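This is what each chain is made of:
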Amino acid sequence: MPKKLLSRLSSLFQKDDENWVYVDFSRWNPRGEKELFETLKEAILNREVVTFDYYNAKGEYSRREAEPMQLYFRGMDWYLTAFCKKSGEIRIFKLKRLKNLVKTEERFLRKDIRDMKTMPSLEEKKDMEVSVRAEKSLGFRVYDEFDPDWIREEKETFYITFPCADEEWLYGWLLSFGPGLEVLGPKEVRSEMKRRLRLMAGQYEENI
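Residues numbered from 1 in each chain as written. Predicted model: local features only at pLDDT ≥ 70, side-chain atom pairs only at ≥ 80, totals over all residues. Heavy atoms only, no water.

Caption draft 1: Looking closely at the overall build of the protein. Along its length, the protein carries five helices and nine strands. In sequence order, the protein lays out its α and β elements as α-α-β-β-β-β-β-β-α-β-β-α-β-α. In the protein, which comprises 208 residues, the proportion classed as buried is 37%. Pairs at least 24 residues apart make up 57% of the contacts formed inside the protein by residues separated by at least 6 positions. Carbon and sulfur atoms form 48% of the exposed surface of the protein, whose accessible area is close to 13,800 Å². (Helix = DSSP H or I, 4+ residues; strand = E, 2+ residues; numbered from the N terminus. Buried < 20%, exposed > 50% of the residue type's maximum accessible area, 1.4 Å probe, protein only. Contact = heavy atoms within 4.5 Å. Areas by Shrake-Rupley, 256 points an atom, 1.4 Å probe, with all protein chains shown as cover.)

Caption draft 2: Structural context of the side chain of Arg196. Considering the arrangement of structural elements, one finds Arg196 in helix H5 (residues 187-202). There is a polar contact of 2.7 Å between the side chain of Arg196 and the side chain of Glu192. Residues contacting Arg196, with those up to four places away along its chain left out, are Glu168 and Tyr171. (Polar contact = N/O pair within 3.5 Å; in protein donor to acceptor, adjacent residues only side chain to side chain.)

Caption draft 3: Spatial organisation of the nonpolar core. Among the nonpolar cores identified, the biggest contains 22 residues, and Phe146, Ile160, Phe162 and Leu174 are the most heavily contacted of them. For this core, the secondary-structure elements that each account for two or more residues are strand S6 (128-135), strand S8 (157-164), helix H4 (168-175), strand S9 (181-185) and H5. Ranked by size, the runner-up nonpolar core spans 18 residues in total, among them Leu40, Ile44, Cys84 and Leu95. (Core = buried A, V, L, I, M, F, W, Y, C linked by side-chain atoms within 4.5 Å.)

Caption draft 4: Seen up close, the packing of aromatic side chains. By the definition in use, this model includes 12 aromatic pairs. Residues Phe37 and Trp78 carry aromatic rings whose centres are separated by 4.7 Å and whose planes lie at 70° to one another, so their mutual orientation is edge-to-face. Here Phe37, found in helix H2 (residues 33-46), pairs with Trp78, found in strand S3 (residues 77-84); they are 41 residues apart in sequence, far enough to count as distant. Considered together, Phe37 and Trp78 belong to a single accessibility category, that of buried residues. (Phe/Tyr/Trp six-rings, centres within 6.5 Å; stacked < 30°, edge-to-face > 60°.)

Caption draft 5: Geometry of the pairing of strand S4 (residues 89-94). In this structure, S3 lies alongside S4, joined through six bridges in antiparallel fashion. Counterpart to Cys84 in the pairing with S4 is Glu89. With antiparallel pairing between neighbouring strands as the criterion, S3 and S4 make up a hairpin whose turn holds four residues, including Gly88 at a positive phi of roughly 75°. (Pairing = 2+ DSSP bridges.)

Caption draft 6: Spatial organisation of the packing of H4 against H5. Relative orientation of the contacting elements H4 and H5 amounts to 65°, with a least axis distance of 11 Å. Both H4 and H5 take part in a crossing whose hand is right-handed. Touching Glu168, Tyr171, Leu174 and Leu175 of H4 are Val189, Glu192, Met193, Arg196, Leu197 and Met200, all from H5. For the contact of H4 with H5, the class distribution of residues is seven nonpolar, no polar and three charged. (Axes fitted to C-alpha atoms, helices over the stretch in contact; angles between N-to-C directions. Left-handed = near helix turned anticlockwise from the far one by under 90°. Nonpolar A, V, L, I, M, F, W, Y, C, P; charged D, E, K, R; others polar.)

Caption draft 7: Spotlight on H2. For H2, which comprises 14 residues, the first-to-last C-alpha distance of 20 Å matches the rise-based estimate of 20 Å (1.5 Å per residue) to within 8%. For H2, the complete set of buried residues consists of Leu36, Phe37, Leu40, Lys41, Ala43, Ile44, Leu45 and Asn46. Just past H2, the residue Arg47 takes up positive phi, approximately 55°. (Expected span 1.5 Å × (residues − 1).)

Caption draft 8: Fine view of the pattern of salt bridges. This structure, assessed with the given rule, holds 14 salt bridges. Across the pair Asp53 and Arg63 runs a salt bridge whose closest N-O atoms are separated by 2.9 Å. Separated by 10 residues along the polypeptide, Asp53 in strand S1 (residues 48-55) and Arg63 in strand S2 (residues 61-74) bring together distant segments of the chain. The exposure class of Asp53 is buried, given its relative accessible area of 8%. Judged by its relative accessible area of 38%, Arg63 is partly exposed. Among the salt bridges present, the one from Glu89 reaches Arg91, with a minimum N-O distance of 3.2 Å. (Salt bridge = Lys/Arg side-chain N within 4 Å of Asp/Glu carboxyl O.)

In short, shape yes, function no, at least from these values alone.
Structure (structure tokens):
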């Protein structure tokens, strides 16, 4: 971490010890996402407007201009909290979907986000309750990603019911658990999962 940036961080958090924070990028592409993180970190500290290409959860592309405010780590991913000039709102951008980042010479006044609700939680927008059954082998993810109050354990199986919204990210997240997780309800979520699985299976069918 550059000496200049460490000095600024020490001043910001009123800590003289430069070893107060350590970030392990071992699972990141050393020539890709690590550089992206470093560039965004400098832009945040120097209050520099950035531009980048972004692909949302639906795969839709857009070019963004934003005032970077905070790098946020949650679960297994890094996110950028920024004021998006296109939408005129504070937005959250997943770093994995952020491409062609460029720092501009334009500066901005830093906004205080300490009292802002920036990262949505699983419980927000409680449109419905989703029930799933997960195999014991998924225990590491079950306890990492679900509230203990939502989990009921029976022998070799987890039964989980959690509040959620019927949004695009939900299906990709559920599919990421693999065949060890089955959606039990509601009916419309189970049907949508079956539809997506059929489409995925069809991609691997060989034409004879």
